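Take a look at the letters that make up each chain.
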Amino acid sequence: MPASFDAAKYDKMSCVELNVAIGTVADEMSATAIARGKVVHTNIPDWLWGGQRVASTVAARQSATIERLRQQEAAIAAARRSRC
């Protein structure tokens, strides 16, 4: 996944393309949230050194991805509100 997105590209999309884009972003956000929940609730054994640190790093990375997807969804919604 790219680290950022180009909000200007949504200005050039049609209403149908914007609807598809917002659905795609919602799917990605849902899948990432489910994966983050699985990582957070994984029972990591105490004998696995660094296991908890790795899990928290992965969860933080997934949280950052979710935040980026929320921003992307907001940009798509704003473009859709102004055009459709």
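Residues numbered from 1 in each chain as written. Predicted model: local features only at pLDDT ≥ 70, side-chain atom pairs only at ≥ 80, totals over all residues. Heavy atoms only, no water.

### As for the nonpolar core
Of all hydrophobic cores here, the largest spans 12 residues; its members are Tyr10, Leu18, Ala21, Ile22, Val25, Met29, Ile66, Leu69, Ala75, Ile76, Ala77 and Ala79. In terms of residues, this core owes the most to one element, helix 2 (residues 51–83), which gives six residues. When near neighbours in sequence (up to four residues on either side) are disregarded, Leu69 contacts Val25, Glu28, Met29 and Thr32. (Core = buried A, V, L, I, M, F, W, Y, C linked by side-chain atoms within 4.5 Å. Buried < 20%, exposed > 50% of the residue type's maximum accessible area, 1.4 Å probe, protein only. Helix = DSSP H or I, 4+ residues; strand = E, 2+ residues; numbered from the N terminus. Contact = heavy atoms within 4.5 Å.)

### Some thoughts on the environment of Asp6
Mapped onto the elements, Asp6 comes out in the segment before helix 1 (15–40). Taking the relative accessible area as the measure of exposure, Asp6 reaches 46% and is therefore partly exposed. Sequence spacing of Asp6 and Ala77 is 71 residues, and the spatial spacing of their C-alpha atoms is 14 Å.

Worth remembering: the numbers are spatial, not functional.
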